[in-house]
Amino acid sequence: MSTFPTLSIYPIYPLKESRVDNTIKSDTEAGYVITRARYSKVRKKFNIIYELLPAADKVLLDAFIDTVSGATDSFTWVHPASGTSYTVRFEDPPEIELTGFDGTSYYYVASFTLVEV
């Protein structure tokens, strides 16, 4: 299994963390709603944004995205604050946007959502 690359900068904060909704809901004719969990595991989602990503990191991230086939394969990602390792995949292929040039280097913004598998 692949591991998310170590980039030269940290993602911007706040680093948004949420839970995947695994609820199945059924409406009854009496107007009640019956709910149950689709599965027992509670999965997390992480919204990650890197601003001012140097060109070298952009190349590293592009190569990694190709390695995991965009949003297909799972990989290990380490939470930058807690140090906890998660097995995740990209919810959708990451978006990378060229945002600046300082006369010598290009800078990018990379944004993506990781979903625990």
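Presented here is a report on the structure given in the accompanying data block. Each chain has its residues counted from 1, following the order in which its sequence is written. Restriction of local features to residues with pLDDT of at least 70 applies here, the model being predicted, together with a cutoff of 80 or more for giving and counting side-chain atom pairs; totals for whole chains, interfaces and linings are based on all residues. Here the side-chain values reflect all heavy atoms present in the structure, with hydrogen atoms and water set aside.

### Structural notes on the packing of aromatic side chains
Stacked, tilted and edge-to-face are the three classes assigned to paired rings of Phe, Tyr and Trp, where Trp is represented by its six-membered ring and a pair needs centres within 6.5 Å; plane angles under 30 degrees give stacked, over 60 edge-to-face, the rest tilted. Under the definition given, this model contains 12 aromatic pairs. Ring centres of Phe-64 and Phe-90 lie 6.3 Å apart, and the angle between their planes is 70°; on these two criteria the pair is classed as edge-to-face. You can see Phe-64 sitting in helix 1 (residues 55–67) and its partner Phe-90 sitting in strand 7 (residues 85–90), a full 26 residues away along the chain. Exposure classes here rest on a 1.4 Å probe applied to the protein chains alone. A residue is buried below 20% of its type maximum, exposed above 50%, and partly exposed in between. On the basis of relative accessible area, Phe-90 is assigned to the buried category, the value being 0%. Each helix is a run of H or I in the DSSP string that is no shorter than four residues. Each strand is a run of E no shorter than two, and both are numbered from the N terminus.

### Notes on the pairing of strand 6 (residues 75–78)
Of the two faces of strand 6, the one lined by Phe-75 and Trp-77 is fully buried and the one lined by Thr-76 and Val-78 carries no buried residue. Examined bridge by bridge, strand 1 (residues 2–3) and strand 6 share two bridges and lie parallel to one another. Pairing of Thr-3 across the sheet is with Thr-76, part of strand 6. Should DSSP find at least two bridges between two strands, the strands are regarded as paired. Pairing geometry for strand 6 and strand 7, over four bridges, is antiparallel. Looking at strand 7, one finds that Trp-77 is bridged to Tyr-86. Hairpin connection from strand 6 to strand 7: six residues lie between these consecutive antiparallel strands, with Gly-83 at a positive phi of about 80°.

### Re the layout of surface pockets
One way to see where empty space is left: roll a probe the size of a water molecule over the atoms. For each structure, a 1 Å grid was placed over the protein atoms alone; sets of points admitting a 1.4 Å probe that cannot get out are labelled cavities, open sets with protein on both sides within 12 Å along at least five of seven lines are labelled pockets, and lining residues have an atom within 4 Å of a point. Grid points are joined across faces, edges and corners, and a volume is the space filled by probe spheres set on the points. Roughly 260 Å³ of volume is contained in the largest pocket. When residue character is reported, Ala, Val, Leu, Ile, Met, Phe, Trp, Tyr, Cys and Pro are called nonpolar, Asp, Glu, Lys and Arg charged, and the others, Gly included, polar. A class-by-class count of the residues in the lining of the largest pocket yields 10 nonpolar, five polar and no charged.

### Remarks on helix 1
Here the expected length of a helix is defined as 1.5 Å per residue gap, with one fewer gap than residues. Taking 1.5 Å per residue, 13 residues should reach 18 Å; helix 1 reaches 18 Å between its end C-alpha atoms and fits that length. Considered for burial, the residues of helix 1 that qualify are Asp-57, Leu-61, Phe-64 and Ile-65. Buried residues of helix 1 fall within an arc of 100° about the axis and therefore sit on the same side. Relative to its buried face, helix 1 has exposed residues pointing more than 90 degrees away, namely Ala-56, Val-59 and Asp-66. Contacts between residues were defined by any pair of non-hydrogen atoms, one from each residue, lying within 4.5 Å. Against strand 1, strand 5 (44–54), strand 6, strand 7, strand 8 (95–101) and strand 9 (106–116) lie the buried residues of helix 1. In the stretch just after helix 1, Ser-69 is the one whose phi turns positive, near 55°. Here the arc refers to the directions that run from the helix axis out to each C-beta atom.

### Here we look at the side chain of Asn-22
Position of Asn-22 relative to the elements: it lies in the loop between strand 2 (16–19) and strand 3 (23–27). Among the residues examined, Asn-22 registers a relative accessible area of 14% and is labelled buried. Other than its neighbours up to four places away in sequence, Asn-22 contacts Arg-36, Ala-37, Arg-38, Tyr-39 and Lys-41.

### Looking at the pattern of salt bridges
We define a salt bridge as a contact between a side-chain nitrogen of Lys or Arg and a carboxyl oxygen of Asp or Glu at a distance within 4 Å. Inspection of the entire model under this criterion finds four salt bridges. The residue Arg-19 makes a salt bridge to Glu-17 at a minimum N-O spacing of 3.7 Å. On the basis of relative accessibility, which here comes to 35%, the residue Glu-17 falls in the partly exposed class.

Spatial relationships are all this shows, so hold off on functional conclusions.
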